[in-house]
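Coordinate inspection notes
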2 protein chains.
Amino acid sequence: MSKPSNSDRQQQTQRIAIIGVGLIGRSWAIVFARAGFDVALFDAQAEARECAMSRIKASLADIARQDLLDSATADAAAGRIRICEELETAVGDATHVQECVSEDLSVKQALYRRLDAWAPVGAVLASSTSFLAASRFTKDLPGRSRCLVAHPVNPPHLVPLVELVPAPWTDGAVVERTRALMDAVGQAPITLRKEIQGFVLNRLQGALLAEAFRLVEDGVADTADVDRAVADGLGLRWSFMGPFETIDLNAPAGVADYCARFGPMYYEMAQSQADPRAWTPALVTQIERERRARLDEPDLQRRQDWRDRRLAAVVAAKRRAARDIGE
Amino acid sequence: MSKPSNSDRQQQTQRIAIIGVGLIGRSWAIVFARAGFDVALFDAQAEARECAMSRIKASLADIARQDLLDSATADAAAGRIRICEELETAVGDATHVQECVSEDLSVKQALYRRLDAWAPVGAVLASSTSFLAASRFTKDLPGRSRCLVAHPVNPPHLVPLVELVPAPWTDGAVVERTRALMDAVGQAPITLRKEIQGFVLNRLQGALLAEAFRLVEDGVADTADVDRAVADGLGLRWSFMGPFETIDLNAPAGVADYCARFGPMYYEMAQSQADPRAWTPALVTQIERERRARLDEPDLQRRQDWRDRRLAAVVAAKRRAARDIGE
């Protein structure tokens, strides 16, 4: 981690509670603990609680091996994490609660009643949900103004993006404070001004996927070639700058110049992309067949491990490039 | 470059002519020459011809510094490039002509008449155009079956993707041979089965841009936060695997499993993304203002240099990761 900034100092008294210690919860524990915060973990399942520490230590060892953390910091991080047997104990002195339970609306509704009852009045209640708007499980809570979504990308200890999505009744100061906390722990928070299906990340991914499926369905290209267009083309730049900066740098006088040159072409193209299409069984079968021809189903797990190692390598290389070339 | 493959050997007798020595033409010269092929360059502008070699040598020195090529290979590559004073000389013994002139239909139409007249009968005529279908400038040529689009991403000596787009009358063997040539020189070719506006790359980019503009216009997020969603989220994975492989690895049983879980959500989302929108002056002004608040117009060139250095770092890191972790 870099030296403490102002926002780090403002955040120095934060105590974190994490509810649910699946993949996402354990990864969040690493995020907060490596930044120097005390983390209390709770999971309703005894088995999950019992395995959590050894799994977190294994992940910390992994990222130390991948040159993303030194061993001393990894050890110190593990020392800041404690497992609690009771929800109430975990959240009892928390300043920030990061909820990571299953994506089940009724489970979340019941849990938030307990969190709102037991967490200190000043604590923020943040959900890791990827698609449930906070308004759907916080509406009737006395403390609903301290609730919001803080949606990470899996795994947050490698991918820094966090989407902050307030409900209509979320206090603006709660959003600001959560954004400062995410900055302080080295994540990359973004703030949505309103609830919207899919938030920002999955809406962008969905738009690209819709066109990818359309190109395959219309026989323009196969799945492997569409994948190449991203992995050997668009994705290289997008790993260090977003779509607006990309087009801003792709015309001599910046983004307005780019829009004047290419806006009409993109508008015409948008009209040919405007038919929303369901992914039909025939199309899904074709895509599944093309993917399985490249990767047998029994090899999926091995390939997921490959992906995680490559992802760690991208994150480590990006950190070096930001340091050597500039952010 | 790695050791010669079968397709390298099939390509050993290729002689390349490049017509137009702007940024793209010079970068193509590096691609072919570093792979061991002789390259003849022609440009209608005397000044462009005169500066071409020194600019190419500067780029070769750059990529040698960036750890992407050793100095001996860079020197040897420069030695394989010659500048021709006449179009006819450049293409006279070519097996592959890579056209890189301005994106002006009448200029291309006139040029292809000359190329088809002067290039040996067996030579492929490939256009670097980013949006003009080959059918629009090759229709009336006796040798139209040897013409196609081979659209690179700028600069091709760093970004490997090449889109091969045949006209309806392009010989399938010409497409195959061009794909083998691009493989042999270390590019990443994809093959479109038909002409379509924007080809694949710009259609995917356009779909993502349309949603990015929509999110800003609808007040969901600002441009900087939309950029973060890509640069600190989606783009990290997309720099080494495409959208289909991404979702294939994001559900326990692969892509069909993913589609069963999330297809209905994406379909609902697609319906809210289906209105094609022109980029209005008001929206463009807002985006320009947000970008200029982060980067003054006089700093655009400096930031473009930063982008090129970061891009080279991504390419170098990706090559290391592919070697150490696997492709």
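Analysis parameters
Residues numbered from 1 in each chain as written. Chains lettered and ligands numbered in written order. Predicted model: local features only at pLDDT ≥ 70, side-chain atom pairs only at ≥ 80, totals over all residues. Heavy atoms only, no water. UniProt positions renumbered as here; feature names shortened; annotations may be inferred. Pairing = 2+ DSSP bridges. Helix = DSSP H or I, 4+ residues; strand = E, 2+ residues; numbered from the N terminus. Axes fitted to C-alpha atoms, helices over the stretch in contact; angles between N-to-C directions. Contact = heavy atoms within 4.5 Å. Salt bridge = Lys/Arg side-chain N within 4 Å of Asp/Glu carboxyl O. Buried < 20%, exposed > 50% of the residue type's maximum accessible area, 1.4 Å probe, protein only. Expected span 1.5 Å × (residues − 1). Arc of directions from axis to C-beta. 1 Å grid on protein atoms, 1.4 Å probe; cavity = no way out; pocket = protein on both sides within 12 Å on 5 of 7 lines; lining within 4 Å. Points joined across faces, edges and corners; volume = space filled by probe spheres on them. pLDDT = per-residue confidence, 0-100. Buried area = accessible area lost by both parts, 1.4 Å probe. Polar contact = N/O pair within 3.5 Å; in protein donor to acceptor, adjacent residues only side chain to side chain. Nonpolar A, V, L, I, M, F, W, Y, C, P; charged D, E, K, R; others polar. Domains from an automatic or database assignment.

Going by what an unreviewed UniProt entry lists, chain A is known as 3-hydroxyacyl-CoA dehydrogenase and is assigned to Salinisphaera aquimarina. Recorded in UniProt for chain A, the comment headed Sequence similarities (unreviewed entry) runs: "Belongs to the 3-hydroxyacyl-CoA dehydrogenase family."

Here we take up the sheet that holds strand β7 (residues 161-166) of chain A. Residues and elements named next belong to chain A. Within the open sheet, the eight strands sit side by side as β3-β2-β1-β4-β5-β6-β7-β8. Their pairing is mixed. Either end of the sheet is taken by a strand with one partner, and the two such strands are β3 (81-83) and β8 (188-191). Strand after strand, the sheet turns through a mean of 25° between neighbouring axes, direction not considered. As defined by bridge partners, strand β6 (residues 147-152) adjoins β7 across five bridges and the pair is classed as antiparallel. For V149, the partnering residue across the bridge sits in β7 and is V165. The sheet contacts of helix α2 (residues 23-34) involve β1 (15-19), β2 (38-42), β3, β4 (96-99), β6 and β7, and relative to β1 the element is tilted by about 170°. Contacting β2 and β3, helix α3 (residues 46-65) runs over the sheet at an angle of about 160° to β3.

To continue, consider the pattern of salt bridges. Residue and element names in this part refer to chain B. Applying the stated rule across the entire model yields 48 salt bridges over all chains. Close ionic contact of E88 with R114 constitutes a salt bridge, the shortest N to O distance being 3.3 Å. Of the two residues, E88 sits in helix α5 (residues 87-91) while R114 sits in helix α6 (residues 105-118), which places them 26 residues apart along the sequence. The class for R114 is partly exposed, based on a relative accessible area of 39%.

Next up on the list: α6(B). Residue and element names in this part refer to chain B. Relative to the 20 Å expected for 14 residues at 1.5 Å per residue, α6 spans 20 Å between its end C-alpha atoms, a close match to the ideal helical length. Within α6 the residues assigned to the buried category are K108, L111, Y112, L115 and D116. For α6, the buried positions fall inside an angular range of 135° around the axis, keeping them on one side. Residues of α6 that are exposed and point more than 90 degrees away from the buried face comprise R113 and A117.

Any empty space left between the atoms is revealed when a probe the size of a water molecule rolls over them. Taken as a whole and judged by the stated rule, the model has four cavities of 30 Å³ or more. Each pocket or cavity is described by its volume, and for the largest cavity that value is around 210 Å³. Around the largest cavity, the lining comprises 19 residues; the ones closest to its centre are A:Q273, A:A274, B:R214, B:Q273 and B:A274. Those elements that place two or more of their residues in the lining of the largest cavity are α9 (201-217) of chain A together with α9 (201-217) of chain B.

Another point: unusual backbone geometry. For the bond from A:N154 to A:P155, the omega torsion is -10°, close enough to zero to count as cis. Topologically, A:P155 is positioned in the loop between β6 and β7. Positive phi, normally seen in glycine, also occurs at B:D67, with a value near 70°. By the element assignment, B:D67 lies in the loop between α3 (46-65) and α4 (71-79). If you check the backbone angles, B:F199 has positive phi at about 55° while not being a glycine. As for its placement among the helices and strands, B:F199 is situated in the loop between β8 (188-191) and α9.

Of the residues in chain A, 96% reach a pLDDT of 70 or more, and the chain-wide mean stands at 95. The ipTM value of the predicted complex is 0.96, and its pTM value is 0.95.

Facing 115 residues of chain B, the contacting portion of chain A comprises 115 residues. Together chain B and chain A conceal approximately 11,000 Å² of surface at their shared face, both sides included; 66% is due to carbon and sulfur atoms. Sorting the residues of chain B by area buried against chain A places B:F240, B:F244 and B:R310 first, and these three jointly supply 7% of that buried surface. If you look at where chain B meets chain A, you find 14 salt bridges. Ionic pairing is found between A:D232 and B:K318, a salt bridge with its closest N-O pair at 3.1 Å. Taken together, the connections running from chain B to chain A amount to 54 residue pairs in polar contact (both at pLDDT 80 or more). Contributions of two or more residues to the side of chain B that touches chain A are made by α8 (172-184), β8, α9, α10 (223-238), α11 (243-248), α12 (255-271), α13 (281-294) and α14 (300-324) of chain B. Looking at the side of chain B that touches chain A residue by residue, the classes come out as 65 nonpolar, 22 polar and 28 charged.

Attention shifts here to the domain arrangement of chain A. Interface size is commonly expressed as the accessible area that is lost once the parts come together. Per the domain assignment, the segments of chain A are domain 1 (6-191) and domain 2 (202-294). Here domain 1 of chain A and domain 2 of chain A have C-alpha centroids that lie 33 Å from each other.

Now for the sheet that holds strand β2 (residues 38-42) of chain B. Pairing between the strands of a sheet is mediated by backbone hydrogen bonds and can be parallel or antiparallel. Residues and elements named next belong to chain B. Taken together, eight strands build an open sheet; the order of strands is β3-β2-β1-β4-β5-β6-β7-β8 and the sheet is mixed. Each having just a single partner strand, β3 (81-83) and β8 make up the two edges of the open sheet. Neighbour-to-neighbour, the strand axes of this sheet turn through a mean angle of 25°, independent of strand direction. One ladder, built from four bridges, connects strand β7 (residues 161-166) with β8; its direction is parallel. Of the residues in β8, the one forming a bridge with L161 is A188. This element, helix α2 (residues 23-34), spans β1 (15-19), β2, β3, β4 (96-99), β6 (147-152) and β7 of the sheet and lies at about 170° to β1.

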